[in-house]
Amino acid sequence: MTKTAGEPTALIRPLRGRDPSEHHRAATPLELLYDLVLVIAIAAAASGLHHSVAEDHFVQGIGVYLFVFWALWWPWVNFTWFASAFDNDDAVYRCLVFIQMIGALLTAAGIQMFATAGVTPLMLIGYIVMRIAMVAAWLRAGRDNPEHRASTTRYALGIALCQMAWVGVFFLAPREHFMLISLPVMAAEMAVPAFAERASPTPWHRDHIIERYGLLTIIVLGESLLSAANAITALAGHDTANPDLWITLGASFLILFTMWWIYFGERYHGALDRMRTAFAWGYSHYFVYASVAAVGAGIAVLVDQITHHAEISRTVANAAVSLPVALYLLSVWFAHDCVAGATVHRLWQLPAFAALVLLTPLVEQGVTLTGLLLLGCLAFRLRDDAKAA
């Protein structure tokens, strides 16, 4: 187990705040395991979006997807920033993280029934399990860090009150309006960190946060790549000689590769130097992750349409890829260009290419055109990087 310098190795240790300027701070194996568990749940959400769009329930499918994705992403955000500030990797800390993983898996199981039954008790229980484990973690941090007790108490109290609100909404709100009525509770959950950090900022580590967000981006991109690879496997013996299919799959890999390069080619992490912009940077990644996972679902939808396993037109199938790609470009633009302060001439690039991507469903090979546009966008970014070097 990792430990703070000068402390004896023990099964249970004080949960003291970490040094925010600690050198070589890296993600731990436990954090990576949590990410992998989360991606299992994200894959379930993306699968639900895939089937909804393929069955011509486009609008409903998007609404459900965005809601359930938030229910997975938000506990990860809280865990990530808490771990950055207080991770001591002792037995109690590990057990609380494992409880959160169990909650994520329960939520994933509930997601599979969401489209037909709405929010199920299993999904609610899974979400609350994740959040109550965080309440326990914040209370423990408050006990061992008197200088941060004001903020840790606010975190614990705010999260606990929100869970009570979720239970009330679940039992009192009509099922057909559940997501709409949930919006105030979601807003309250997301307001807790700002309320808590105002009391006494927690000692999170800037570089550690950047690495954690980047690692989840890679893992979600990998899940989308797996969607394309699984599509190839599923098609064996059916329509493998179809050139349209292989062109589409090649373009899909190009899209995901350039998405990766565009995100990790950025050098604008100055947003984490200030608390206000750090919130904007962190929260905007909801759209980064949701759009990346949705691209994988869109690729699966497009393959279904080409092989006559979907009840939608080619235009709609193309849109299932182009819409999340455009959202991805706008999300990265906001997080890395606007919030973090890019140069003025660079600010137009991602929105301009996002607008062009939105036009691609109008042509038969829209996914191919989307891939080429992303390649062009990447070329502009690389040119600017070369000039700045």
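Residues numbered from 1 in each chain as written. Predicted model: local features only at pLDDT ≥ 70, side-chain atom pairs only at ≥ 80, totals over all residues. Heavy atoms only, no water.

1. A look at the overall build of the protein chain
When helices and strands are tallied, the protein chain shows 13 helices and zero strands. Start at the N end of the protein chain and walk to the C end: the helices and strands fall as α-α-α-α-α-α-α-α-α-α-α-α-α. Relative to a compact globule of 389 residues, whose C-alpha radius of gyration would be 21 Å, the protein chain shows 22 Å and is just as compact. Expressed as lengths along the three principal axes of its C-alpha atoms, the size of the protein chain is roughly 65 × 55 × 35 Å. Here the contacts in the protein chain between residues at least 6 apart in sequence split such that 80% fall between residues at least 24 apart. Total accessible area computed for the protein chain in this model is approximately 16,300 Å², and 72% of it derives from carbon and sulfur atoms. Within the protein chain, the 28 negative side-chain charges are centred at a point lying 10 Å from the centre of the 23 positive side-chain charges. (Helix = DSSP H or I, 4+ residues; strand = E, 2+ residues; numbered from the N terminus. Rg over C-alpha atoms; globule rule 2.2 N^0.38 Å. Contact = heavy atoms within 4.5 Å. Areas by Shrake-Rupley, 256 points an atom, 1.4 Å probe, with all protein chains shown as cover. Lys, Arg positive; Asp, Glu negative; His and termini not counted. Charge placed at Lys NZ, Arg CZ, Asp CG, Glu CD.)

2. Focus: the packing of aromatic side chains
How two aromatic rings sit relative to each other is set out by the distance from centre to centre and by the angle between their planes. For the structure shown, the criterion picks out 33 aromatic pairs. Here Trp76 and Tyr213 contribute two aromatic rings whose centre-to-centre distance is 5.1 Å and whose plane-to-plane angle is 70 degrees, an arrangement assigned as edge-to-face. With Trp76 in helix 2 (residues 58-86) and Tyr213 in helix 8 (residues 206-234), this residue pair connects regions lying 137 residues apart in the sequence. With a relative accessible area of 0%, Trp76 lands in the buried category. Considering the side-chain rings of Trp81 and Trp204, the 4.8 Å spacing of their centres and the 70 degrees angle between planes classify their relative orientation as edge-to-face. (Phe/Tyr/Trp six-rings, centres within 6.5 Å; stacked < 30°, edge-to-face > 60°. Buried < 20%, exposed > 50% of the residue type's maximum accessible area, 1.4 Å probe, protein only.)

3. Some thoughts on the packing of helix 2 against helix 3 (residues 91-111)
Between helix 2 and helix 3, whose axes approach to 10 Å, the crossing angle comes to 170 degrees. With respect to each other, helix 2 and helix 3 are oriented roughly antiparallel. Contacts between helix 2 and helix 3 involve Val68, Leu72, Phe79, Phe82 and Ala83 from the former and Tyr93, Val97, Gln100, Thr107 and Ile111 from the latter. Classifying every residue of the contact of helix 2 with helix 3 gives eight nonpolar, two polar and no charged. (Axes fitted to C-alpha atoms, helices over the stretch in contact; angles between N-to-C directions. Parallel < 35°, antiparallel > 145°, perpendicular 65-115°, else oblique. Nonpolar A, V, L, I, M, F, W, Y, C, P; charged D, E, K, R; others polar.)

4. Topic: the packing of helix 3 against helix 5 (residues 121-144)
Helix packing for two helices is described by the angle between their axes and how far apart those axes are. The interhelical angle for the contact between helix 3 and helix 5, taken along N-to-C directions, is 160 degrees, at an axis separation of 6 Å. In terms of orientation, helix 3 and helix 5 fall into the roughly antiparallel class. Regarding helix 3 and helix 5, the two cross each other, and that crossing is left-handed. Here helix 3 contributes Val92, Tyr93, Leu96, Ile99, Gln100, Gly103, Ala104, Leu106, Thr107, Ala109, Gly110 and Ile111 to the contact with helix 5, which in turn contributes Leu122, Met123, Ile125, Gly126, Tyr127, Val129, Met130, Ala133, Met134, Ala136, Ala137 and Arg140. (Left-handed = near helix turned anticlockwise from the far one by under 90°.)

5. Quick word on the confidence of the model for the protein chain
When pLDDT is averaged along the protein chain, the result is 88; 91% of the residues meet or exceed 70. By mean pLDDT, helix 4 (residues 114-117) is the weakest element of the protein chain at 66, and helix 6 (residues 149-172) is the strongest at 96. Overall, residues 1-8 carries pLDDT values under 50, and its contacts beyond four positions in sequence, including any with other chains, amount to 16 contacts. (pLDDT = per-residue confidence, 0-100.)

6. Considerations on helix 11 (residues 314-338)
If you check helix 11, its first and last C-alpha atoms are 34 Å apart, about what 25 residues at 1.5 Å a residue would give, namely 36 Å. Maximum bend of helix 11: about 30 degrees, positioned at Ala320, with proline Pro324 one to four residues after it. (Expected span 1.5 Å × (residues − 1). Bend = angle between axes of the 7 residues up to and from the residue.)

7. A closer look at helix 3
Here helix 3 spans 30 Å end to end across 21 residues, near enough to the 30 Å set by a 1.5 Å rise per residue. What helix 3 keeps buried is the set Ala91, Tyr93, Leu96, Val97, Gln100, Met101, Gly103, Ala104, Thr107, Ala108, Gly110 and Ile111.

8. Section: the side chain of Glu31
Secondary-structure assignment places Glu31 in helix 1 (residues 29-54). When neighbours within four sequence positions are excluded, Glu31 is seen to be in contact with Ala26, Phe79, Ala83, His208 and Arg212.

9. A look at the environment of Leu302
By the secondary structure assignment, Leu302 is in helix 10 (residues 275-306). The spatial distance from the C-alpha of Leu302 to the C-alpha of Leu245 is 9.0 Å, given a sequence separation of 57 residues. With residues up to four places along the chain from it excluded, the contact list for Leu302 reads Thr248, Arg314, Ala317, Asn318, Val321 and Val367.

10. Quick word on the environment of Ser182
With respect to the helices and strands, the residue Ser182 is situated in helix 7 (residues 178-197). With twelve residues separating them along the chain, Ser182 and Phe170 place their C-alpha atoms 9.0 Å apart. Not counting residues within four places of it along the chain, the set of residues in contact with Ser182 comprises Phe67, Trp166 and Val169. Among the polar contacts listed, one links the side chain of Ser182 to the backbone oxygen of Phe178, at a separation of 2.7 Å. (Polar contact = N/O pair within 3.5 Å; in protein donor to acceptor, adjacent residues only side chain to side chain.)

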